[in-house]
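An overview of the molecular structure
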Amino acid sequence: MSSDHSRDPCPYVILNDFGGAFAMGALGGTVWHGIKGARNSPRGERLPGSLAAIKARAPVLGGNFGVWGGMFSSFDCAVKGIRQKEDSWNAIISGFFTGGCLAIRGGPKAAFGGAVGCGILLGVFEGVGVLLNKAMSDMGKPQMPARMSSLLV
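The model shown is predicted, which means the values in this text are computed figures rather than measured ones.

**A look at the overall build of the protein**
A tally of regular secondary structure across the protein gives six helices and zero strands. Listing every helix and strand of the protein by position from the N terminus yields α-α-α-α-α-α. Taking as baseline every contact in the protein between residues at least 6 positions apart, the subset at least 24 positions apart corresponds to 55%.

**As for the packing of helix α3 (residues 46-83) against helix α4 (residues 88-102)**
α4 packs onto α3 with a crossing angle of 130° between their chain directions and a minimal axis gap of 8 Å. Judged on the interaxial angle alone, α4 and α3 are oblique. The way α3 lies across α4 gives a crossing that is right-handed. Within the contact between the two elements, α3 uses Val67, Trp68, Met71, Phe72, Phe75, Asp76, Val79, Lys80 and Arg83 and α4 uses Trp89, Asn90, Ala91, Ile93, Ser94, Gly95, Phe97, Thr98, Cys101 and Leu102. Considering only residue class, the contact of α3 with α4 consists of 12 nonpolar, four polar and three charged.

**Focus on α4**
Its 15 residues place the ends of α4 21 Å apart at the C-alpha level, agreeing with the 21 Å of an ideal helix rising 1.5 Å per residue. Where α4 is buried, its residues meet α3 and α5 (108-139).

**Thoughts on the UniProt feature "transmembrane region" (unreviewed entry) in the protein**
Using the residue numbers shown here, the UniProt feature "transmembrane region" (unreviewed entry) corresponds to residues 12-35 and 112-132. Annotated as residues 12-35, this span is 100% helix and 0% strand, and its ends, taken at the C-alpha atoms, are 35 Å apart. The span residues 112-132 is 100% helix and 0% strand, and its two end C-alpha atoms sit 30 Å from each other.

**A look at the state of the cysteines**
Taken as a whole and assessed by the stated rule, the structure comprises one disulfide. The disulfide bridge from Cys10 ends at Cys77, spanning 2.1 Å between sulfur atoms. Note on the Cys10 and Cys77 pair: the S-S dihedral is about -100°, so by sign convention the disulfide is left-handed. Of this pair, Cys10 sits in helix α2 (residues 10-39) while Cys77 is found in helix α3, placing the two residues 67 residues apart along the sequence. Residue classification places Cys10 among the partly exposed residues on the basis of a relative accessible area of 29%. Assessed through its relative accessible area of 11%, Cys77 is described here as buried.

**Quick look at the packing of aromatic side chains**
If you walk through the whole model with that rule in mind, you get three aromatic pairs. Both rings, one in Trp68 and one in Phe72, keep their centres 5.1 Å apart while their planes meet at 5°; by these two values the pair is stacked. One end of the pair, Trp68, and the other, Phe72, are both in helix α3, four residues apart, so they sit about a helical turn from each other. Centroid distance Phe75 to Phe97: 5.5 Å. Interplanar angle 40°. Geometry classified as tilted. Of the two residues, Phe75 sits in helix α3 while Phe97 sits in helix α4, which places them 22 residues apart along the sequence. Each member of the aromatic cluster is reached from another via a ring pair, and the members are Phe75, Phe96 and Phe97.

**A few points about a nonpolar patch on the surface**
On the surface, a cluster of nonpolar side chains totalling about 1,200 Å² of accessible area is made up of Phe96, Phe97, Phe112, Val116, Ile120, Leu121, Val124, Phe125, Val128, Leu132, Met136 and Met139. Elements represented by at least two residues in the nonpolar patch include exactly α4 and α5. Ranked by residues supplied to the nonpolar patch, first place goes to α5 with 10 residues. Given a relative accessible area of 41%, Leu121 falls into the partly exposed group.

Definitions and limits used
- Residues numbered from 1 in each chain as written.
- Predicted model: local features only at pLDDT ≥ 70, side-chain atom pairs only at ≥ 80, totals over all residues.
- Heavy atoms only, no water.
- Helix = DSSP H or I, 4+ residues; strand = E, 2+ residues; numbered from the N terminus.
- Contact = heavy atoms within 4.5 Å.
- Axes fitted to C-alpha atoms, helices over the stretch in contact; angles between N-to-C directions.
- Parallel < 35°, antiparallel > 145°, perpendicular 65-115°, else oblique.
- Left-handed = near helix turned anticlockwise from the far one by under 90°.
- Nonpolar A, V, L, I, M, F, W, Y, C, P; charged D, E, K, R; others polar.
- Expected span 1.5 Å × (residues − 1).
- UniProt positions renumbered as here; feature names shortened; annotations may be inferred.
- Disulfide = S-S within 2.5 Å.
- Buried < 20%, exposed > 50% of the residue type's maximum accessible area, 1.4 Å probe, protein only.
- Phe/Tyr/Trp six-rings, centres within 6.5 Å; stacked < 30°, edge-to-face > 60°.
- Patch = residues over 30% accessible without salt bridge, like charges linked within 9 Å, V, L, I, M, F, W, Y side chains within 5 Å.
- Areas by Shrake-Rupley, 256 points an atom, 1.4 Å probe, with all protein chains shown as cover.
- Salt bridge = Lys/Arg side-chain N within 4 Å of Asp/Glu carboxyl O.

So this is what it looks like as structure tokens:
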């Protein structure tokens, strides 16, 4: 959890996360579809093909990322409000609900599969974050100096 989320009220956090996710998806989509459009265009038409692919697909990918980010942030705020705690479980639960909601049009089986998959993905992200924080906190600990007598031998 970043510190700016705990200071801002949830409606602002949701909008901020939606916008950030949209921007990330649009930028990534620009790179991805720019390369893909250039590769799929005939020689001499690579730049126009690349630009056409970017204009057609990058906003769609940005919108998809934005929907995921906004929905996840909405569930995160709701889970924080219900649980009255800020821990890794909030993200895992929010990911579970987000994955389920995004897959609900495929039916209950697809929704459950999407929920479990997204919950596991967020669990992995949170676990890696905890491990990195632990590793980084150990780096600052003072080390015992080498004994001078062992250096002289």
